[in-house]
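What follows is the residue order along each chain.
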Amino acid sequence: MAVVVLREMRDGDLGVFWEQLSDPGLQWMAAITRAYHYDRGRFDEHWAKVRNDPAVTLRTVLADDVVVGHAAVYGPPDEREVTYVIGPAHWGRGLATQALTELLRLEATRPLYAAAVADNAGSIRVLEKCGFTVTGRTREFARARDEEVDLVLLSLLS
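By convention here, each chain's residues receive numbers from 1 onward along its written sequence. Note on the predicted model: pLDDT of at least 70 is required for a residue's local features to be given, and 80 or more for side-chain atom pairs to be given and counted; whole-chain, interface and lining totals, by contrast, use all residues. With hydrogens and water excluded, all non-hydrogen atoms of the structure serve as input to the side-chain values.

Draft legend 1. Inspection of the pattern of salt bridges at higher detail. The term salt bridge refers to a pairing of a side-chain nitrogen on Lys or Arg with a carboxyl oxygen on Asp or Glu at a separation within 4 Å. Overall, the coordinates contain 10 salt bridges when judged by the stated rule. Its salt-bridge partner being arginine 145, residue aspartate 119 comes within 2.8 Å of it at the nearest N-O pair. Here aspartate 119 is found in the loop between strand E5 (112–117) and helix H5 (121–129), whereas its partner arginine 145 is found in the loop between strand E6 (133–142) and strand E7 (147–156), with 26 residues between them in sequence. Ionic pairing is found between aspartate 150 and arginine 139, a salt bridge with its closest N-O pair at 2.7 Å. Of this pair, aspartate 150 sits in strand E7 while arginine 139 sits in strand E6, and the two are 11 residues apart along the sequence. Through salt bridges with shared partners, a single network forms among Arg139, Glu148 and Asp150. Think of it this way: any DSSP run of H or I at least four residues long counts as a helix, any run of E at least two long counts as a strand, and we number them from the N terminus.

Draft legend 2. Structural detail: unusual backbone geometry. Along the chain, arginine 110 connects to proline 111 via a cis peptide bond; the corresponding omega equals 0°. Tracing the backbone through its elements, the reader meets proline 111 in the loop between helix H4 (95–106) and E5. Not every positive phi belongs to a glycine, and aspartate 65 is a case in point at roughly 70°. Tracing the backbone through its elements, the reader meets aspartate 65 in the loop between strand E2 (57–63) and strand E3 (66–74). At aspartate 146, a residue that is not glycine, the phi angle is positive and equals roughly 55°. Locating aspartate 146 in the fold gives a position in the loop between E6 and E7.

Draft legend 3. View of the packing of aromatic side chains. Side-chain rings of Phe, Tyr and Trp, where Trp is taken by its six-membered ring, are said to pair if the distance between their centres is within 6.5 Å; with planes under 30 degrees apart they count as stacked, over 60 as edge-to-face, and otherwise as tilted. Under the definition given, this model contains three aromatic pairs. Relative to tryptophan 47, the ring of phenylalanine 17 has its centre 5.3 Å away and its plane inclined at 40°; by these criteria the two rings are tilted. Taken together, the positions of phenylalanine 17 in helix H1 (residues 14–21) and tryptophan 47 in helix H3 (residues 40–51) put the pair 30 residues apart, joining distant regions of the chain. Tryptophan 47 matches phenylalanine 17 in its accessibility class, with the two residues each being buried. Consider the rings of phenylalanine 43 and tryptophan 47, whose centres lie 6.0 Å apart with planes at 50°: the pair is tilted. With phenylalanine 43 and tryptophan 47 both in helix H3 and four residues apart, the pair spans about one turn of that helix. What links up through ring pairs into an aromatic cluster is the set Phe17, Trp18, Phe43 and Trp47. Whether a charge sits over a ring comes down to the Lys NZ or Arg CZ being within 6 Å of the ring centre and within 35 degrees of the ring normal. Here the guanidinium or amino end of arginine 145 rests over the ring plane of tryptophan 28, the centre of that ring lying 4.5 Å away. Only protein chains enter the accessibility calculation, which uses a 1.4 Å probe; a residue whose area is less than 20% of its type maximum is buried, one above 50% is exposed, and one in between is partly exposed.

Draft legend 4. Just the packing of H1 against H3, in detail. To define axes, lines are fitted to C-alpha atoms, for helices over the stretch in contact only, and angles between the resulting N-to-C directions are given on a 0 to 180 degree scale. Remark: H1 packs on H3, axes separated minimally by 11 Å, with the N-to-C direction vectors making an angle of 125°. What the angle tells us is that H1 and H3 run oblique. Note on packing geometry: the crossing formed by H1 with H3 is right-handed. Across the interface between the two elements, Leu14, Gly15, Phe17, Trp18 and Leu21 of H1 pack against Arg40, Phe43, Trp47 and Arg51 of H3. In terms of residue class, the contact of H1 with H3 is built from six nonpolar, one polar and two charged. Geometric relationships in this document are graded by angle, where less than 35 degrees denotes roughly parallel, more than 145 denotes roughly antiparallel, 65 to 115 denotes roughly perpendicular, and other angles denote oblique. Crossing chirality is assigned from the near helix's rotation relative to the far helix, an anticlockwise turn below a right angle marking it left-handed and a clockwise turn marking it right-handed. Two residues form a contact once any of their heavy atoms are found within 4.5 Å. The classification used treats Ala, Val, Leu, Ile, Met, Phe, Trp, Tyr, Cys and Pro as nonpolar, Asp, Glu, Lys and Arg as charged, and all other residues, Gly among them, as polar.

Dropping the structure here:
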């Protein structure tokens, strides 16, 4: 099994993040995308903002010293949400579960929240393995699919 480590994000990680977040397969799986997933200029602006926000806990995910994705916690104290991305080339190896486990050790705030498109069984499973429970469902427009999708809402209480 790969050794997964979270470290502070570096400028050189942005190219990998762009490659991952602009991948059509990853976009389809995530479903909920933003304008910065499709435009490198907006992508760079978004990441400059995120990196300078003291309320964001952002880490690069390394597996055996290779950048495979990122994980973050963001939002106001009573609405903190987790997000994580592992590049498609690294799916199916348990890296997301390891990365989220490490991120949860860094972030003491509870409750934490997450959402995943209902047909993304892998992401829902990662969240549940890390202690999140399903608390509801909603619908949202998914730009990557050009239609509304069902989202599963999850919470981590302790």
